[in-house]
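So you can see what is in the structure, the chains are spelled out below.
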Amino acid sequence: MTTKVITGNEAAATAAKLARVQVIAAYPITPQSPVVETLSAWVESGELPAEFVTVESEHSALTVCITASTVGARVFTATSANGLAYMNEQVWWAAGARLPIVMCIANRAMAAPWNVLNDQQDSMSERDAGWIQLYCRDNQEILDTTIQAYRIAERLNVPVMVCYDGFLLSHTVMPVDVPSAEEIDAFLPPRTAPLQLVDANDPRNIGPVTLADPRADADGVVRPGYMEFRALHHGALLEALDVIPEVDAEYGAAVGRSWGGLTWEYQLADADVALVAAGSLTTQLTLAVEALRAEGVKVGVLGIRAYRPFPAAELRARLAGKQLAVVFDKALSYGYEGPIAGDLKAALFTAENSPVVFGCVCGIGGRDVSPENLADAARRAIADLDSGLRDRTPDWINLRPEGGAR
Amino acid sequence: MTRITELPTTEYVLPGNRACAGCGIGIALRVVTKALDGKMVMTVPASCLTVLGGMYPTSSVNVPWINVAFPSTAAAAAGAAAGLRAMGKADDMTVLAMAGDGGTGDIGIQALSGAAERNDDFIYLCYDNEAYMNTGTQRSGLTPAGARTTTTWAGKRENPKDLPRIMEAHNIPYVASTSAAYPTDVFDKVAKAREIHGLRYIHMNTPCPSGWSFDPKDTVRLGKLAVECGIVVLYEVEDGVFRLTGRSAALAKAGKALTPVAEYIATQGRFKAMTADAVAEVQAWVDKRWAGYVARERAGE
Amino acid sequence: MSAHEISMSRPSVGEAGATGDWRNEYPVVAAETCVAAKQGKITCQICWAHCPDACIAQGMPPVIDLTYCKGCGICAEVCPHHAIEMRPEAAHGVCAPAEGGVK
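Criteria and cut-off values
Residues numbered from 1 in each chain as written. Chains lettered and ligands numbered in written order. Predicted model: local features only at pLDDT ≥ 70, side-chain atom pairs only at ≥ 80, totals over all residues. Helix = DSSP H or I, 4+ residues; strand = E, 2+ residues; numbered from the N terminus. Buried ≥ 20, exposed ≤ 12 C-beta atoms within 10 Å, placed from the backbone. Contact = placed C-beta atoms within 7 Å. Pairing = 2+ DSSP bridges. Axes fitted to C-alpha atoms, helices over the stretch in contact; angles between N-to-C directions. Parallel < 35°, antiparallel > 145°, perpendicular 65-115°, else oblique. Left-handed = near helix turned anticlockwise from the far one by under 90°. Nonpolar A, V, L, I, M, F, W, Y, C, P; charged D, E, K, R; others polar.

Draft legend 1. Here's a closer look at the overall build of chain C. Across its full length, chain C carries three helices and five strands. When the helices and strands of chain C are listed from N to C terminus, the series reads β-β-α-α-β-β-α-β. Out of the 103 residues in chain C, the part that is buried amounts to 48%. In chain C, of all internal contacts separated by at least 6 residues, the share reaching a separation of at least 24 is 68%.

Below is the structure:
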């Protein structure tokens, strides 16, 4: 193990190299570009013996990963924002085809209007596509999670998005402990044979038209219909609720560092108020907790690492007995509320002793959000609760409506 | 040129498949798979070919086949080739991307152009049935002028884009134009392409009884008539060297006037509403193109 | 159903059923006109090469599988010796093999 001072993007690239990926395909987009520039340089120098396909679009980037993974290769790609949206069709394809693809997302705001800065609207908008989504709080977690993602993906035959905040992590250097190749080789052996069979001596037609109802094969054996395959896929996502923490623990045993599995907490045990978020925002929330605790307010942080599958049971358990959960979303389901806030409310709906949930929207399109802003938002939420409110529309943190139109 | 009795007898396309009666794809796919000895993996987008391939859990084609998203056929082939190379299996099988005219020249052209520019290692075969037949005969960028489709009710106004020439402009090692009505021409071109590395593009005119509105018995006759008229030209461009092949080479050599396009147009319901002026315009367009091919044949470039 | 089962087909004839059902006309090969039959060797086989459905086996004369033949009539059209005749089906439904074949 060596310590390097690297960006989040370099941490992601380093993880792909340590995972001994065999095929890389990616298309440049800010703020993801340095991931693929770094990998390209390693492939060219021979430091990373992999195929690097310099595709002409994100749609093709994920396509190349899909078929390379189908024939058995371990694959990697990365993208952001509009690149992810352009992939959208293939995001669904990769999941439905049950391919263990790992894709890093340097989270960025969606156009229009153009904005290259951070929020999490891009990956949150893909939550229903059937991928596992893991969110990272710092560069070390990016490296560790990307390596873990291959173990998870290959065990469940489900693709994994490793999401980290653009610029805030992607372009910010931090000290990162880089495990040795031997450590990672022991943790992550080469990929075993894929579910898909591509063999001229035993041919298969992979991913054909699949009917609504089960249908008999040539031997009269009834095979699943489309809906059965979708149910199996859902089952795999639910199984991930166990597999993600297991793999995190196994990584801890192998490398000496783990991240809490599905969720993690900071000073939450005795707290009355939980501040809930995913990604680098949670690091800032720990600072807000310091400030509020100094005022005598008992708050803690509940960090979401796995957003899909959604760790509903674990969130219910961690929030049991709390008075208030304040959710900080860097995304919005327009016309409703932040995705984490909405999902958390649904998870708590029938739970005993569950807190009131108030949502906040922050950091959209790179709008700065400081620990002080977060603490203020928490104070407003507590005041709202004290005033008897049990539901409210999202609180837009740092919104400055005084800006003129036209 | 391979003779019919020299074609391999092993069949990879299985009877009782879901393709329409008289579909040109079946004729061609039989010899394409024979030319590759079945040692291949196909990438296939949503298309008539998907229908021929059959619905889960049974396949009508006895070769490995990966279904892929509509715009992605070429990128999917590039990924399969890269994956097989990474797995040390690249020598085991040829990667064959096979898509229709819409999947190739419209929605798929970005991925195809990218793969051609990179000279990725696979064969791309476009079966050109001149419209979106699987979705019910909507016009594509390769639908000929005058053809009625379900999105050009009065007949398409524009001539089709010349996809093989677009592919030639990518300077790939092999570009060929063929027709499903000439199975041995298809066989020879795929067999030749098999021995070349890099991106090999084969454009194949593929008559469609239901979409073009003709009797299924006439698939081969009309495919050949298109060649007699110079509407479809059989040729190949190997490392930049152009040459006519088969019947087109014989027609150029004979140097006589080609069959008038009006004869071909009269055989199909899709052209029923064409005026004499519109037919004359197509004739002029075909004459000019044919003269160009003959000039290239003479110049050998 | 295994948790990791995916939609992946195995090859078989008859994916669309007995497609002979689709036919309006069925082909009949006249051995006395078929050049391969007359010469007693595998020659010509043009009908075999042009069948879209791989329903014709090479032979002297070639043999047509009427369980799956969709009755397109291409074989009759391409035969240079007019040795294949398309005859109307008496009724829809899979024809008994005895009705077809060599006359």
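Once you've had a look at it, read on.
Draft legend 2. Local environment of the sheet that holds strand β4 (residues 75–79) of chain A. All names here are of chain A. Read from one edge of the open sheet, seven strands run β3-β2-β4-β5-β7-β6-β15, paired in mixed fashion. The sheet terminates laterally at β3 (51–53) and β15 (306–308), the two strands that pair on one side only. Between one strand and the next, the sheet's axes are offset by a mean angle of 20°, whatever the strand orientation. On the sheet, helix α2 (residues 33–45) packs against β2 (23–25), β3, β4 and β5 (102–107) and is oriented at approximately 135° with respect to β3. Relative to the sheet, helix α3 (residues 58–70) contacts β2, β3 and β4, its axis offset from that of β4 by approximately 165°.

Draft legend 3. Spotlight on the interface of chain B and chain C. Of the residues lining the interface, 33 residues belong to chain B; the matching set on chain C comes to 34 residues. Relative to strand β1 (residues 8–11) of chain C, strand β2 (residues 58–59) of chain B runs parallel, the two sharing two bridges. Among the inter-strand pairings, B:S59 is bridged to a residue of β1(C), identified as C:P11.

Draft legend 4. Main features of the packing of helix α6 (residues 139–156) of chain A against helix α8 (residues 226–255) of chain A. Residues and elements named next belong to chain A. The N-to-C vectors of α6 and α8 enclose an angle of 135°; their axes lie 9 Å apart at closest approach. The angle between the axes of α6 and α8 places the two elements in the oblique class. The crossing of α6 and α8 is right-handed. Each of D144, Q148, R151, I152, R155 and L156 in α6 lies in contact with α8, whose residues at this interface are A236, E239, A240, V243, I244, V247, D248 and Y251. Its residues assigned to classes, the contact of α6 with α8 shows eight nonpolar, one polar and five charged.

Draft legend 5. Expanded view of the environment of A:W93. Summarising the element assignment, A:W93 is placed in helix α4 (residues 81–96). Spatially, the C-alpha atoms of A:W93 and A:T63 are 8.8 Å apart, while their sequence positions differ by 30 residues. Setting aside residues up to four positions removed in sequence, A:W93 forms contacts with A:I66 and B:A69.

Draft legend 6. View of the sheet that holds strand β16 (residues 324–329) of chain A. Residues and elements named next belong to chain A. Ordered in space as β12-β14-β13-β16-β17-β18, the six strands form an open sheet in which the pairing is mixed. What marks the edges here is a single partner per strand, and that holds for β12 (263–266) and β18 (395–396). Strand direction decides the pairing type here: strand β17 (residues 356–361) and β18, joined by two bridges, are parallel. The partner of V361 across the bridge, within β18, is W396. The sheet strands contacting helix α12 (residues 371–386) are β13 (273–277), β14 (299–304), β16, β17 and β18, and the helix crosses β16 at an angle near 140°.

Keep in mind that these numbers describe shape and distance, not what the molecule does.
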